[in-house]
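# Architecture and fold: a report
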Amino acid sequence: MSALTLSASPAHAGAPPAAEKPAAANEVSTPARPEKPQREPLRPKLRAAAKRVIPPVMGVALMLGIWAIVAMKASGIPSPLQTWDAAVTLFADPFYRNGPNDQGIGWNVLSSLQRVGIGFGFAALIGIPAGFLLGRFTFLTNMFDPIISLLRPVSPLAWLPIGLLVFQKADPAATWTIFICSIWPMILNTAQGVQRVPQDYMNVARVLNLSEWKIITKILFPAVLPYMLTGIRLSIGTAWLVIVAAEMLTGGVGIGFWVWDEWNNLKVEHIVIAIFVIGIVGLLLEQALLLLAKRFSYGNN
Amino acid sequence: MSKPMVIVENVGMAFDTKSGRFTALRDIDLQIAEGEFVSLIGHSGCGKSTLLNLIAGLTLPTSGNVICAGREVAGPGPERAVVFQNHSLLPWLTCFENVYLGVERVFGSRERNGKLKLRTEAALEMVHMDHAMHKYPHEISGGMKQRVGIARAFAMEPKVLLMDEPFGALDALTRASLQDELIGVMGKTGATVVMVTHDVDEAVLLSDRVVMMTNGPAATIGEILDVKLAKPRNRLELAHDAQFVDCRAAILEFLYQKQMKKAA
Ligand SMILES: Nc1ncnc2c1ncn2[C@@H]1O[C@H](COP(=O)(O)OP(=O)(O)O)[C@@H](O)[C@H]1O
Ligand SMILES: [Mg+2]
């Protein structure tokens, strides 16, 4: 956690100097104090950096404090220090393999990510074209709207038994739940993007008399891309929520199964570590996708 | 001048809306000669854009015909290029790529890529945007975007150039410099232009004829004013020109006396 706040702060601290520059230039050019041009501008910079760093540090400290108190009162809950010690040993060797049911936490996280990747990949492969079709043809929208409205609120875990039945194996069944939960945001966001392509752009296409291929590559696809990326972000976010629960039910290798296994071994500090790991991985996924989305937002959208 | 480039023949336009049929235009008759610059002026909502879109072919009339270069207009096409009010540049393409898209479509089947590039660059040079050719629309000002929009239209060498309030969203100084730019481009190309405007000075400065439209619903052409000022025109010299002042007065009289909005 502390590593995260540290990694976040330099990015923020990088911004203020640009904002401070005009003020610094003013001070230099003020005739009243022509000396000490170097020392003065440093102080506001530090103050701005402190403003950014102090609140999150306080938040983390508060959380650790409450956690420590709870750990003291309730038996069985490990204290922050015990958890830290456990984490140090655990992360000393994250990639060991002692048979199929005893593997390092690194392997568990990677297998969960792999399931999310495969399930999401299939969802994108089907959801994006489906979204394009639904967005382009009102008839299809009206046709599929009741089905999607009915199925979307269903927890993807309700689909797990169907997956087990069809695939006869736990692993593809878990991937199947990821597919189910990822497909709705992909379809809906893509369709919405297609419907919201500004009429102006379509008019440009009509006046230039562009071919269907040019319309798709030069207008539709770039216009819909930001919406698609929102769909991807929502899908992966949900998928990461769902995979933990799905793996608890299916077993195998994966962070969800690992949590359950450690509960059976009564290693509560490992469960707490898992919670942090799941949170950090989720956060990183989200940030990476936000970064990607920013790269493809065209200044004014 | 020779035979008309654009003929609008007894055109009427009605829209089907939720509250019933709405007649926007009726009995529009207009002929535009090759190389002529015609402005459409009228109060907001009278149907200027509707008429321009009919000539562009973006919408089709409910009655009457629109004929361009001897052929009936059945849809939009690059020989009737449009400069949209809000520039409508594609934000994911650079200025160069935006212009190139049109050039490629019109000349791509006949010319090599190098020639297409030269055409694109020449068009951007003409509106003095060659320095920002490889910038994206969000990196340049509103006036510059509109210049690129004009370059895109001119680069396609259209038979008719249609402009819907091309400078409407710009501040007065930028607008003036773009008008001067347009006067320069017109001098070089001799294009046929139909421009929608709500700016009286702009209409007189640029046009050979100003078409004044009555208020809607069921708007039609009220009066047509011939502007016989010599070209190319200079805004500073015109400010005190008696003929310019007369033209201006005639339009103002039409707009604010004969067609004063009842509700507003
Ligand atoms: N697609 C449409 N459907 C219904 N009414 C329309 C449509 N387009 C324009 N109108 C109506 O036609 C009238 C003229 O509109 P427009 O040509 O945009 O006016 P102007 O460009 O002169 O301001 C307005 O009353 C407008 O509401
Ligand atoms: Mg209009």
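In this report, we go over the structure that sits alongside the text. (Residues numbered from 1 in each chain as written. Chains lettered and ligands numbered in written order. Predicted model: local features only at pLDDT ≥ 70, side-chain atom pairs only at ≥ 80, totals over all residues. Heavy atoms only, no water.)

Moving on to the site of ligand 1. All names here are of chain B. Inspection of the region around ligand 1 gives F15, T17, F22, A24, S44, G45, C46, G47, K48, S49 and T50 as its neighbouring residues. Within the contact set of ligand 1, an oxygen atom lies 2.7 Å away from a backbone nitrogen or oxygen of G45. One of the side-chain N or O atoms of T50 is found 2.5 Å from an oxygen atom in ligand 1. Isolated, ligand 1 exposes 560 Å² of accessible area, and the fraction of that covered by the protein chains is 60%. Of all the secondary-structure elements, those providing two or more residues to the shell around ligand 1 are strand 1 (4-17), strand 2 (20-33) and helix 1 (48-56). Counting residues per element, the shell around ligand 1 draws most heavily on helix 1, which supplies 3 residues. When the residues that make up the shell around ligand 1 are grouped by side-chain class, the tally is 4 nonpolar, 6 polar and 1 charged. (Near = heavy atom within 4 Å. Polar contact = N/O pair within 3.5 Å; in protein donor to acceptor, adjacent residues only side chain to side chain. Areas by Shrake-Rupley, 256 points an atom, 1.4 Å probe, with all protein chains shown as cover. Helix = DSSP H or I, 4+ residues; strand = E, 2+ residues; numbered from the N terminus. Nonpolar A, V, L, I, M, F, W, Y, C, P; charged D, E, K, R; others polar.)

With 18 residues of chain A at the interface, the matching set in chain B holds 23 residues. Both sides of the chain A and chain B interface together cover about 1,900 Å² of buried area, and 69% of this is carbon and sulfur. When the area that chain A buries against chain B is broken down by residue, the three leading residues are R206, V207 and L208 of chain A, summing to 32%. Between chain A and chain B we count 1 salt bridge in total. The residue K214 of chain A makes a salt bridge to E104 of chain B at a minimum N-O spacing of 3.0 Å. Across the chain A-chain B interface, the total number found is 5 residue pairs in polar contact (both at pLDDT 80 or more). (Contact = heavy atoms within 4.5 Å. Buried area = accessible area lost by both parts, 1.4 Å probe. Salt bridge = Lys/Arg side-chain N within 4 Å of Asp/Glu carboxyl O.)

What follows is about the packing of helix 4 (residues 80-92) of chain A against helix 12 (residues 268-295) of chain A. Packed helix pairs are specified by the crossing angle of their axes together with the interaxial distance, meaning the distance between the axes. Residues and elements named next belong to chain A. Where helix 4 meets helix 12, the axes come as close as 9 Å, and the angle between the chain directions of the two elements is 75 degrees. With respect to each other, helix 4 and helix 12 are oriented roughly perpendicular. Contacts between helix 4 and helix 12 pair T83, A86, A87, L90 and F91 from the former with E269, H270, V272, I273 and V277 from the latter. Its residues placed into classes, the contact of helix 4 with helix 12 shows 7 nonpolar, 2 polar and 1 charged. (Axes fitted to C-alpha atoms, helices over the stretch in contact; angles between N-to-C directions. Parallel < 35°, antiparallel > 145°, perpendicular 65-115°, else oblique.)

We now examine the sheet that holds strand 6 (residues 80-83) of chain B. All names here are of chain B. Read across the sheet, 6 strands follow the order 6-7-8-3-9-10 without closing on themselves; strand pairing throughout is mixed. Two strands in the sheet have a free side with no partner beyond their single neighbour: strand 6 and strand 10 (221-226). Neighbour to neighbour, the strand axes of the sheet diverge by 20 degrees on average, direction disregarded. Pairing of strand 7 (residues 160-164) with strand 8 (residues 192-197) involves 5 bridges; the strand directions are parallel. Of the residues in strand 8, the one forming a bridge with D164 is V196. In this fold helix 1 packs onto strand 3 (37-41), strand 6, strand 7, strand 8 and strand 9 (209-213), with an angle of close to 155 degrees to the strand it touches most, strand 7. (Pairing = 2+ DSSP bridges.)

Residues and elements named next belong to chain A. On the surface, L62, I66, V70 and I77 cluster together into a nonpolar patch covering about 350 Å² of accessible area. Relative to the helices and strands, V70 resides in helix 3 (residues 42-73). Under the relative-accessibility criterion, V70 is labelled partly exposed at 39%. (Patch = residues over 30% accessible without salt bridge, like charges linked within 9 Å, V, L, I, M, F, W, Y side chains within 5 Å. Buried < 20%, exposed > 50% of the residue type's maximum accessible area, 1.4 Å probe, protein only.)

Residues and elements named next belong to chain A. Counted at 1.5 Å a residue, the expected span for helix 8 (residues 170-195) with its 26 residues is 38 Å, and the 39 Å between its end C-alpha atoms agrees. When the local axis directions of helix 8 are compared, the greatest deviation, roughly 25 degrees, occurs at S182, which is followed within four positions by the proline P185. Summarising burial for helix 8: 20 of the 26 residues are buried, a large majority. (Expected span 1.5 Å × (residues − 1). Bend = angle between axes of the 7 residues up to and from the residue.)

Attention now goes to the packing of aromatic side chains. Scanning the entire structure with this criterion turns up 7 aromatic pairs over all chains. Ring centres 5.9 Å apart and planes at 35 degrees place the aromatic pair W67 of chain A and F276 of chain A in the tilted group. Placement of W67 of chain A in helix 3 and of F276 of chain A in helix 12 is noted, with a sequence separation of 209 residues between them. Aromatic ring contacts, followed pair by pair, group W159, F167, W176 and F179 of chain A into a single cluster. One cation-aromatic arrangement involves R97 of chain A over W107 of chain A; the distance from NZ or CZ to the ring centre is 4.1 Å. Here the basic side chain of R119 of chain B rests over the ring of F107 of chain B, its NZ or CZ set 3.6 Å away from the ring centre. (Phe/Tyr/Trp six-rings, centres within 6.5 Å; stacked < 30°, edge-to-face > 60°. Lys NZ or Arg CZ within 6 Å of the ring centre and 35° of its normal.)

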